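Coordinate inspection notes
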Amino acid sequence: MNEMTKISYAQHAYSDGAKTALGRRPQLFINNEWVDSSHGATIPVIDPSNGKEVTRIVDASDQDVDRAVAAARTAFDDGRWSDLPPIVREGMMHKLADLIARHADEFAELEAIDNGKPKGMAAGVDIPGAIGMMHYMAGWASKLGGDMIEPMSMPRGTVHSYVRREPVGVAAQIVPWNFPLLMAVLKIAPALAAGCTLILKPAEQTSLTALRLADLVAEAGFPAGTINIITGNGHTAGDRLVRHPDVDKVAFTGSTEVGKIINRTATDSLKRVTLELGGKSPVVVLPDVDVDATAVGAAGAIFFNSGQVCVAGSRLYAHRSIFDKLLEGVANAAAFWVPRPSLDPAGHMGPLVSSEQFDRVMGYIDAGKKAGASVAIGGDSPSSDGGYYVNPTVLVDVRPDMSVVQEEIFGPVVVAQRFDDLDEVAKSANDTCFGLGAGIWTRDISAMHKLAAKIKAGTVWGNCHAVIDPALPFGGYKQSGLGREQARQGVEAYTELKSVIIQL
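Treat the numbers as computed from the prediction; the structure is a model and nothing was measured. (Residues numbered from 1 in each chain as written. Predicted model: local features only at pLDDT ≥ 70, side-chain atom pairs only at ≥ 80, totals over all residues. Heavy atoms only, no water.)

**Observations concerning the overall build of the protein**
Helix and strand counts for the protein stand at 16 helices and 22 strands. Over its C-alpha trace the protein gives a radius of gyration of 23 Å, about what one expects of a compact globule, namely 23 Å for 504 residues. Across its three principal directions, the C-alpha atoms of the protein cover 75 × 60 × 40 Å. Out of the 504 residues in the protein, the part that is buried amounts to 57%. Nonlocal contacts in the protein, meaning residues at least 24 apart in sequence, comprise 74% of its contacts between residues at least 6 apart. Summing over all exposed atoms, the protein offers an accessible surface of approximately 19,700 Å²; the carbon and sulfur share of this is 52%. Positive and negative side-chain charges in the protein, numbering 47 and 58 respectively, have mean positions lying 3 Å apart. (Helix = DSSP H or I, 4+ residues; strand = E, 2+ residues; numbered from the N terminus. Rg over C-alpha atoms; globule rule 2.2 N^0.38 Å. Buried < 20%, exposed > 50% of the residue type's maximum accessible area, 1.4 Å probe, protein only. Contact = heavy atoms within 4.5 Å. Areas by Shrake-Rupley, 256 points an atom, 1.4 Å probe, with all protein chains shown as cover. Lys, Arg positive; Asp, Glu negative; His and termini not counted. Charge placed at Lys NZ, Arg CZ, Asp CG, Glu CD.)

Have a look at this one:
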């Protein structure tokens, strides 16, 4: 890890296009128009690579939120979006996806500046993922439907009965800061396909790409009020959205702690809720693997996106016979993930998103060491120049009761543990309040399926990690969330079922 000292942590120059986006006056996108806030409160936008303010965004007031909800409510109630022919809605969504693709480089740079992730990673993962999600979900607009069902208690032909699937209404969508554009589109696209109107609130730390997306919404020709994008703090603007009586559905991705608050709040009016929350994903490595190749995969499972991934492989369980060799391989692979400024073309991992997140992650590392954990690699920051960098970190000599084993750190920190047999490791893998993802590495297909059945997680990967596809449902067991996103299930989460029974 000595190579880290040779890296320059000075952020690279922004492009002219990025400077133009950063020069935008703080406004909100409501009813297809850029509007001023009702008050002058703003939030600074910080580049995590150097800790410097680069622009400001609106901190939406209650009045701003009410205005956005009213726009979405009117747009839904008069049918300007939901009553369009499905093929028209589908085409408009495809057009928005194509516009994102046309501006892909700009989106990647803004994501890098705002979130801290390497521009190359944003260009290779986030932006294509958003484009693909929009294209995939667009197809559902013309494929949703109900069923004709014969009642079991009445003679055939005496009633005509059927089930309609209808859009739930106005959706409030609150998205996280780790994959800002991708998470925004993951929420927006199924709502549009189902016929809903919506208000999107991006994370206050990372709103730049959502605001740029708003320009393309208007360019794509969506009816006014269909998509409204407001910025602001979660405890104010987000809370107002969740409580608003004219919101029918809340979709949130973020921490379990906040998700519980949202769920409790939404219960007052029984709003429909989907929650994609935290994780503490196990990565289980059996003794028959190619250890060198698996070590590279295990390192990527935790260090990708600086570990700021809900399904990050943050608990590594390796069979006792290969533990030391695998750990050595992970340590060697960590050199690939040495943090750099987000616009450094040689970077694969950037800084953490904020000073708060930096303090959180370093606090967990310190707590782990105080509790008796040993630092195999990392455990420190390579720079004191203002950026929020944490070196790839592996902790060993941990116990199941330690906070670093039980709690979501959301940083490039993995705890490594030994195991001896499948039943033991399955029990350890499930020893958590979370159940979002899990990884299994083995050549033994029987063992793979046995473990996949035993582990309580919404997604289980075999010989890979964090492979996400729009056609497959995504969500968690236990305190990792409620409901599923993506796939047919993700669209249906924005619908209600209505049974119609007509006596003939």
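**Some remarks on the packing of helix H8 (residues 234-243) against helix H9 (residues 256-267)**
Where H8 meets H9, the closest approach of the two axes is 9 Å, and the angle between their N-to-C directions is 35°. Mapping the contact onto sequence places Asp239, Val242 and Arg243 in H8 and Ile262, Thr265 and Ala266 in H9. Looking at the contact of H8 with H9 residue by residue, the classes come out as three nonpolar, one polar and two charged. (Axes fitted to C-alpha atoms, helices over the stretch in contact; angles between N-to-C directions. Nonpolar A, V, L, I, M, F, W, Y, C, P; charged D, E, K, R; others polar.)

**A few points about the nonpolar core**
Ile100 and Phe222 are the most contacted members of the largest nonpolar core, which totals 87 residues. The biggest single contributor to this core is helix H6 (residues 180-194), with twelve residues. A domain split of this core shows at least three residues from each of domain 1 (16-277 + 480-501) and domain 2 (282-462). Beyond its immediate sequence surroundings of up to four residues, Phe222 is in contact with Asn32, Trp81, Met92, Met93, Leu96, Leu192, Val217 and Ile227. (Core = buried A, V, L, I, M, F, W, Y, C linked by side-chain atoms within 4.5 Å. Domains from an automatic or database assignment.)

**Focus on the layout of surface pockets**
Space inside the second largest pocket adds up to approximately 170 Å³. Lining the second largest pocket are 13 residues, and of these Arg89, Leu144, Arg165, Pro167 and Ala194 sit closest to its centre. Of all the secondary structure elements, the ones that give two or more residues to the lining of the second largest pocket are strand S6 (159-167) and H6. The leading source of residues in the lining of the second largest pocket is S6, at four residues. Considering only residue class, the lining of the second largest pocket consists of five nonpolar, four polar and four charged. (1 Å grid on protein atoms, 1.4 Å probe; cavity = no way out; pocket = protein on both sides within 12 Å on 5 of 7 lines; lining within 4 Å. Points joined across faces, edges and corners; volume = space filled by probe spheres on them.)

**Regarding the UniProt feature "active site" (unreviewed entry) in the protein**
Those residues carrying the UniProt feature "active site" (unreviewed entry) are Glu276 in this numbering. Contacts of Glu276, omitting those with residues within four sequence positions, involve Phe252, Thr253, Gly254, Cys310, Leu436, Phe474, Ser480 and Glu485. (UniProt positions renumbered as here; feature names shortened; annotations may be inferred.)

**A few points about the UniProt feature "domain: Aldehyde dehydrogenase" (unreviewed entry) in the protein**
According to UniProt, the positions carrying the feature "domain: Aldehyde dehydrogenase" (unreviewed entry) are residues 34-500. Here residues 34-500 is 40% helix and 20% strand, with 42 Å between the C-alpha atoms at its ends.

**Focus: the sheet that holds strand S13 (residues 315-319)**
What holds strands together in a sheet is hydrogen bonding between their backbones, with the strands either parallel or antiparallel. Read across the sheet, seven strands follow the order S14-S15-S16-S13-S12-S18-S19 without closing on themselves; strand pairing throughout is mixed. Both outer strands of the open sheet, strand S14 (374-377) and strand S19 (459-462), are each paired with one neighbouring strand and no more. Neighbour-to-neighbour, the strand axes of the sheet open up by a mean angle of 25°, direction not taken into account. Contacting strand S12 (282-285), S13 and strand S16 (413-419), helix H14 (residues 422-429) crosses the sheet at an angle of about 175° to S13. (Pairing = 2+ DSSP bridges.)

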